[in-house]
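What the coordinates show
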Amino acid sequence: MITLEVALKLSKAEQEELKEEILTKAKASDLNAYVGFEEHGSGVPIFIKDNIQVDGWSVTSGSKILQGYIAPYNATVIEKLGQNGMMCLGRSNMDEFAMGSTTESSYYGITKNPHDSSRVPGGSSGGAAAAVAGGIAVAALGSDTGGSIRQPAAYCGCVGLKPTYGRVSRYGLAAYASSLDQIGPITQNVTDASILYDAISGHDEKDSTSADMVSEPTFPNLNPQRKLTIAVIDNYISEASSEIQKAYANTVKALESLGHTIVHKNMQNTKYDIATYYIIATAEAATNLARFDGVRYGRRADATNVGDLFIKSRSEGFGEEVKRRILLGNFVLSSGYYDAYYLKAQKVRHLIRDEFNKIFEVADLILSPVAPSVAPKIGAVEDPLEMYKSDMYTIAINLAGLPALSLPVGRDESGMPIGLQFIAKAFDEQTLLDGSLSLERAINYK
Ligand code: GLN
């Protein structure tokens, strides 16, 4: 598939042809990456995750409860795509309300990994990554609350960028965990990630958590020649599969031969990250999802009184994983448990952020795995706790609000892509992209 960088230089007529070509290919594809084929605006077609509002489009967040709901306005990122020569084409499949790591919890069916259709594409932005890697999308917008852009990009062999919290407006993104969510690009390469990031980032007064600062465009300033100090976290890596450890070691060597300086660090055990994330994310989710009551949005159950209406609409509309998280979130917020769980998790969140900042006193970037394994088989991860554990490398970055980019660095013996991520200081997307481009050129992943 043509890259975003090249597609933006095409004439209007050629872009129109590109759109038709993508539509034909996507409709013939059996990946189940697309859950809708709507169009909005003109320019280079970009594929949109099903939790970002596009005026007049259906937006379901992968849930039955939002079946039939039509977005009444555009998310800020959608307006920005239009201002930068891009249009929206098609809805990508996702885990219900972005809760998951495999795209198996979507009410609209399972998406397949383009490298092996018996495997998951990752999640929650699995449709977006599968379409980009599968040659049926130029680029896509996903959302990342605890890894949902980076991990599917790693499982599918494409690039995923989670910007600094506050860099990209969340206005018009269906909230999962508001203090963690960020919209970001899923692309074929690092340059395209930089172009799409530039298009969608910037201060937005419609989002009170949007950072009130100017974001310089990264694309015109991309500099893969910069020599950087890169931290490797020695005690992190042992929990990853041997093939990922091998890819990690090879990447460290490649970085050294590029002239970057490697420093060795340790961080606290990732088990605290998982507990902290799943307390904070579920607490926020329980609050955010309280609005889906069958009255204001989407699907309404048959009921004879208002109490039953709420109960039946929510019981029928939400899937199992979403219900589990609402229960957990309400539990950790309930009186008597709030201090023990929620408040403690907030304190640990600060420690996690401080720990990253300490490393950034001596390093420009941190190199880390994205996931402990390559994409698992569909149906293989049955235990929800096992699923949560697979997020061990991605969620701390959201808790700390940092930017991170996942890019493919190799394949395992069965040919499945292996992705690693760079993590940067808050608001230092430029260094993140510079370092990533330098690595991408050295690796030459095919
Ligand atoms: N897998 C994580 C979760 O289920 C992250 C999901 C995401 O980033 N949206 O919460």
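Residues numbered from 1 in each chain as written. Predicted model: local features only at pLDDT ≥ 70, side-chain atom pairs only at ≥ 80, totals over all residues. Heavy atoms only, no water.

Quick reminder of the rule: UniProt positions are given in the numbering used here, feature names are shortened, and annotations may be inferred rather than shown by experiment.
The protein chain has the name Glutamyl-tRNA(Gln) amidotransferase subunit A in an unreviewed UniProt entry, where Sulfurovum sp. enrichment culture clone C5 is given as its organism. Looking at the Subunit (unreviewed entry) heading of the UniProt record, one finds this comment for the protein chain: "Heterotrimer of A, B and C subunits." Quoted straight from UniProt, the Sequence similarities (unreviewed entry) entry for the protein chain says "Belongs to the amidase family. GatA subfamily."

Brief notes about the overall build of the protein chain
Counted only if it meets this: For the purposes of this entry, the term helix denotes a DSSP run of H or I that reaches at least four residues, the term strand denotes a run of E that reaches at least two, and both are numbered from the N terminus. As defined in this context, the radius of gyration uses C-alpha atoms, and a globule is described by 2.2 Å times the residue total to the power 0.38. Any residue under 20% of the maximum accessible area for its type is buried, any over 50% is exposed, and the rest in between are partly exposed; the area is computed with a 1.4 Å probe on protein chains only. Accessibility throughout is a Shrake-Rupley quantity obtained with a 1.4 Å probe, and a residue counts as covered only by protein chains that appear here. We score Asp and Glu as negative and Lys and Arg as positive, and we do not count His or the chain ends. All charge positions are set by atom: Lys at NZ, Arg at CZ, Asp at CG, Glu at CD.
The helix and strand tally for the protein chain stands at 14 helices and eleven strands. Relative to a compact globule of 446 residues, whose C-alpha radius of gyration would be 22 Å, the protein chain shows 20 Å and is just as compact. Its C-alpha atoms give the protein chain principal-axis dimensions of roughly 70 × 60 × 45 Å. In the protein chain, which comprises 446 residues, the proportion classed as buried is 59%. For the protein chain, the exposed surface amounts to about 16,700 Å²; the carbon and sulfur share of it is 51%. Charge centroids of the protein chain, computed over 42 positive and 52 negative side chains, lie 2 Å from each other.

Thoughts on the packing of helix 8 (residues 270-288) against helix 10 (residues 320-333)
The description of two helices packed together rests on the angle between their axes and the distance between the axes. What counts, and what does not: Structural elements are reduced to axes, namely lines fitted to C-alpha atoms, with helices fitted over the stretch in contact, and the angle between N-to-C directions of any two is expressed from 0 to 180 degrees. For classification purposes, angles smaller than 35 degrees are called roughly parallel, those larger than 145 roughly antiparallel, those between 65 and 115 roughly perpendicular, and all remaining angles oblique. What makes two residues a contact is simply this: any of their non-hydrogen atoms within 4.5 Å.
At their nearest, the axes of helix 8 and helix 10 sit 7 Å apart, and the two run at 100° to each other. Between helix 8 and helix 10, the angle is such that the two are roughly perpendicular. In contact with Tyr-278, Ile-279, Thr-282, Ala-283, Ala-286 and Thr-287 of helix 8, helix 10 contributes Arg-325, Ile-326, Leu-328, Gly-329, Asn-330, Val-332 and Leu-333.

Considerations on the UniProt feature "active site" (unreviewed entry) in the protein chain
What counts here: Cavity and pocket criteria rest on a 1 Å grid covering protein atoms alone: a 1.4 Å probe that fits but cannot get out defines a cavity, protein on both sides within 12 Å along at least 5 of 7 lines defines an open pocket, and an atom within 4 Å of a point defines a lining residue.
UniProt records the feature "active site" (unreviewed entry) for Lys-49, Ser-124 and Ser-148 in the present numbering. Across 100 residues, the annotated set stays spatially compact, with a maximum C-alpha separation of 10.9 Å. Residues from the named set that contribute to the lining of the largest cavity are Ser-148. Here Lys-49 shows up in strand 2 (residues 44-49). Ignoring sequence-local partners within four residues, the contact set of Lys-49 consists of Arg-91, Ser-92, Met-94, Ala-98, Ser-124, Ser-125, Leu-141, Gly-142, Ser-143 and Ser-148. You can see Ser-148 is positioned in the loop between strand 4 (140-144) and helix 5 (150-156).

Side note on the pairing of strand 11 (residues 417-424)
The side chains of a regular strand alternate between the sheet's two faces. This is how the line gets drawn: Two strands make a pair as long as DSSP finds a minimum of two bridges between them.
Counting buried positions over the eight residues of strand 11 gives eight, a clear majority of the element. When strand 9 (residues 365-369) meets strand 11, the two strands line up antiparallel, connected through five bridges. Paired with Ile-366 across the bridge in strand 11 is Ile-423. Summarising the sheet, strand 10 (residues 404-411) and strand 11 pair through seven bridges and their orientation is antiparallel. Within strand 11, the position partnered with Gly-410 by the bridge is Ile-418. Hairpin connection of strand 10 to strand 11: five residues between the antiparallel strands, including Gly-415 at a positive phi of 90°.

Some thoughts on the packing of helix 8 against helix 11 (residues 338-359)
The test is simple: Helix crossings fall into two classes, left-handed where the near helix is turned counterclockwise from the far one by less than a right angle and right-handed where it is turned clockwise.
Where helix 8 meets helix 11, the axes come as close as 9 Å, and the angle between the chain directions of the two elements is 125°. The orientation of helix 8 with respect to helix 11, classified from their angle, is oblique. For the crossing formed where helix 8 meets helix 11, the hand is left-handed. Of the residues in helix 11, those touching helix 8 at Tyr-272, Asp-273, Thr-276, Ile-279, Ile-280, Ala-283 and Glu-284 are Tyr-341, Tyr-342, Ala-345, Gln-346, Val-348, Arg-349 and Ile-352.

Regarding helix 2 (residues 12-28)
Here is the rule we go by: Working rule for helices: expected span equals 1.5 Å times residues minus one. This arc describes the spread of directions from the helix axis toward the C-beta atoms.
Over its 17 residues, helix 2 runs 25 Å from end to end, which matches the ideal 24 Å to within 8%, given 1.5 Å per residue. When helix 2 is considered as a whole, its buried residues turn out to be Gln-15, Leu-18, Lys-19, Ile-22, Leu-23 and Ala-26. Angularly, the buried residues of helix 2 cover 135° about the axis, an arc narrow enough to put them on a single face. Looking at helix 2, the residues exposed on the side facing more than 90 degrees away from the buried face are Ala-13, Glu-17, Thr-24, Lys-27 and Ala-28. The inward-facing, buried residues of helix 2 contact helix 1 (4-7), strand 1 (34-40), strand 2 and strand 3 (86-92).

Section: the nonpolar core
Stated precisely, the cut-off is as follows: By convention a nonpolar core is built from buried Ala, Val, Leu, Ile, Met, Phe, Trp, Tyr and Cys residues, the set being connected through side-chain atoms within 4.5 Å.
One finds Phe-97, Phe-356, Leu-367 and Leu-405 to be the most contacted residues of the largest nonpolar core, which totals 86 residues. Sorting elements by how many residues they give to this core places helix 8 first, with eight residues. Look past the residues within four positions of Leu-367 in its chain and what remains in contact with it is Ile-230, Ala-231, Val-232, Ile-233, Tyr-248, Thr-251, Val-252, Leu-255, Leu-420, Gln-421 and Phe-422. By size, the runner-up hydrophobic cluster in this structure holds 47 residues, among which are Trp-57, Met-87, Ala-131 and Ile-136.

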